[in-house]
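For reference, the chains in residue letters:
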Amino acid sequence: MEQLLPIAFGSQPKHVLNPLTEISQFFRDICASALKVDDVIKLDRNISVILCKLEQDDDQAEDETAEDETADDQLDGSDLRGDDDPSQIHIIDGRFFIRPEGSSFTPSRTAAKVISYIIQQNYKKLIKTFKDVKGDDRDHWFAKFQEKCVWEPMKERQIKKNYYGRTARRLSDMLRRVRKRWELHGIRPSWIGEEIFRELLKYWESDEFAAKSENEKKMRASEKGGCLNAVGSISTAEHVRRMAESEQIRVTIEIV
């Protein structure tokens, strides 16, 4: 197993391949004929970090693909297919069939594109974070998600939980890129109206936003060495599925 993992995932980007290579090295080390106490302590400490890196794929599965287009351009609602494995995209009665996968969905990129489209279509007033979307508005956003996606009824609760979590993250990422693009190029995205954008600029210049940004920096600093977010392409579960299909190997990764 420790020799097969790097080979099976050799074509993957470095942020995927590196932690898998590290976990392969971990298994080689722990299977050594002789281990010192210090070695075991080091291995125990390292495996937690490695598993955190693997988990990061699930939280970030969709970010890299949709980030540029959703921040800058108005999405076309007639085609919201993401850059997923075509075999994972199924359409039922004109809606994408999705499944909950950890804190995200499968197919992850398609679900992300749908969420981005809903944010764009409903950004009709100043929304700083998803917490500003409350009550009927929040229900309306989810209803729009249901118009584009379908799932097993028994998974409704998990779908809704994942949807709210992913929407909060997606909105935050989109606004971050909007602000960055404005600072670099002075360009307003077409999906944010001029008056609302002026309110957004005023908020970004406020003490409230400065304090929020400073607090987030402190939180990131306190998490150094832990499970920090990093950009990923597809989920760990999807990597395992593809490896099993291409290599005809049954692989199970359990993260407790």
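Scroll up to find the structure.
Just so it is clear, the structure is predicted and the values come from calculations on it, not from any experiment.

How each quantity is defined
- Residues numbered from 1 in each chain as written.
- Predicted model: local features only at pLDDT ≥ 70, side-chain atom pairs only at ≥ 80, totals over all residues.
- Heavy atoms only, no water.
- Helix = DSSP H or I, 4+ residues; strand = E, 2+ residues; numbered from the N terminus.
- Contact = heavy atoms within 4.5 Å.
- Areas by Shrake-Rupley, 256 points an atom, 1.4 Å probe, with all protein chains shown as cover.
- Core = buried A, V, L, I, M, F, W, Y, C linked by side-chain atoms within 4.5 Å.
- Buried < 20%, exposed > 50% of the residue type's maximum accessible area, 1.4 Å probe, protein only.
- Salt bridge = Lys/Arg side-chain N within 4 Å of Asp/Glu carboxyl O.
- Expected span 1.5 Å × (residues − 1).
- Pairing = 2+ DSSP bridges.
- Arc of directions from axis to C-beta.
- Phe/Tyr/Trp six-rings, centres within 6.5 Å; stacked < 30°, edge-to-face > 60°.
- Lys NZ or Arg CZ within 6 Å of the ring centre and 35° of its normal.
- Axes fitted to C-alpha atoms, helices over the stretch in contact; angles between N-to-C directions.
- Parallel < 35°, antiparallel > 145°, perpendicular 65-115°, else oblique.
- Left-handed = near helix turned anticlockwise from the far one by under 90°.
- Nonpolar A, V, L, I, M, F, W, Y, C, P; charged D, E, K, R; others polar.

Participant: What exactly am I supposed to notice about the overall build of the chain here?
Facilitator: Looking only at helices and strands, the chain has 10 helices and five strands in total. Once local pairs closer than 6 in sequence are excluded, the contacts in the chain between residues at least 24 apart make up 72%. Of the roughly 14,900 Å² that the chain leaves accessible, carbon and sulfur atoms contribute 49%.

Participant: What is the right way to read the nonpolar core from this model?
Facilitator: Across soluble globular proteins, you tend to see nonpolar side chains buried next to one another. The biggest cluster of nonpolar side chains holds 37 residues, and the ones touching the most others in it are Y123, F145, Y163 and I192. Mapped onto this core, the elements with two or more residues apiece are α5 (108-122), α6 (135-148), α7 (156-185) and α8 (194-204). At seven residues, α7 tops the list of elements feeding residues into this core. Dropping the residues within four chain positions of it, Y123 is found in contact with L171, L175, W191, I192, I196 and L200.

Participant: So what exactly am I meant to see when it comes to the pattern of salt bridges here?
Facilitator: Pairs can form between side chains of opposite charge once their charged atoms are near each other. Applying the stated rule across the entire model yields nine salt bridges. Its salt-bridge partner being E152, residue K155 comes within 3.8 Å of it at the nearest N-O pair. When salt bridges with common partners are traced through the structure, they connect R169, D173 and R176 into a single cluster.

Participant: Is there a simple way to explain α7 in this structure?
Facilitator: For an α-helix, 3.6 residues make a turn, and residues three or four places apart therefore share a direction. Taking 1.5 Å as the rise per residue, α7 with 30 residues should run 44 Å; its terminal C-alpha atoms sit 42 Å apart, in good agreement. Positive phi appears at G186, one or two residues downstream of α7, with a value of about 65 degrees.

Participant: When you look at the sheet that holds strand β1 (residues 91-92) in this model, what are you seeing that I'm missing?
Facilitator: Strand pairs in the sheet, formed through backbone hydrogen bonds, run parallel or antiparallel to each other. Overall, mixed pairing links the three strands, which are arranged β1-β2-β5 in an open sheet. With partners counted over all chains shown, the strands left at the sheet margins are β1 and β5 (149-150), one partner each. Sheet topology note: the strand β2 (residues 95-97)/β5 ladder contains two bridges and is parallel. Pairing of F97 across the sheet is with V150, part of β5.

Participant: When you look at the environment of V150 in this model, what are you seeing that I'm missing?
Facilitator: Mapped onto the elements of the fold, V150 is located in strand β5. Once the C-alpha coordinates of V150 and I92 are considered, the two residues, 58 residues apart in sequence, prove to be 7.4 Å apart. If we ignore the near neighbours within four places in the chain, the residues touching V150 are I92, R95, F96, F97 and I98.

Participant: What am I meant to see in the environment of T21 here?
Facilitator: Mapped onto the elements of the fold, T21 is located in helix α2 (residues 14-30). Take T21: its relative accessible area is 32%, and that puts it in the partly exposed class. Considered as a pair, T21 and I50 are 29 residues apart in the sequence and their alpha carbons are 9.7 Å apart.

Participant: Help me out: how do you make sense of α6 in this one?
Facilitator: With 14 residues, α6 ought to run about 20 Å at 1.5 Å a step, and its terminal C-alpha atoms sit 21 Å apart, in line with that. Among the residues of α6, those classed as buried are W141, F142 and F145. Summarising the axial view, the buried residues of α6 lie within an arc of 95 degrees, below the 170-degree limit, and thus occupy one face. Buried residues belonging to α6 abut β4 (104-106), α5, β5 and α7.

Participant: I would appreciate a short explanation of the packing of aromatic side chains in the present structure.
Facilitator: Two descriptors summarise a pair of aromatic rings, namely the distance from one centre to the other and the angle between the planes of the rings. Under the counting rule described, the total for this entry stands at 14 aromatic pairs. When the ring of F145 is compared with that of W151, the centres are 5.8 Å apart and the planes differ by 25 degrees; the resulting orientation is stacked. Three or more aromatic residues link up through ring pairs in this structure, and these residues are F105, F130, W141, F142, F145, W151, Y163 and Y164. A cation sits over an aromatic face here: R138 above Y164, 5.2 Å from the ring centre.

Participant: Would you mind showing me how to read the packing of α5 against α6 here?
Facilitator: How two helices sit against one another is set out by the angle between their axes and by the gap between those axes. Taken N-terminus to C-terminus, the directions of α5 and α6 make an angle of 135 degrees; their axes are 10 Å apart at the nearest point. In terms of orientation, α5 and α6 fall into the oblique class. For the pair α5 and α6, the sense of crossing is right-handed. Where α5 abuts α6, its residues A111, V114, I115, Y117, I118, I119 and N122 lie against H140, W141, K144, F145 and K148. Of the residues contributing to the contact of α5 with α6, the split by class is eight nonpolar, two polar and two charged.

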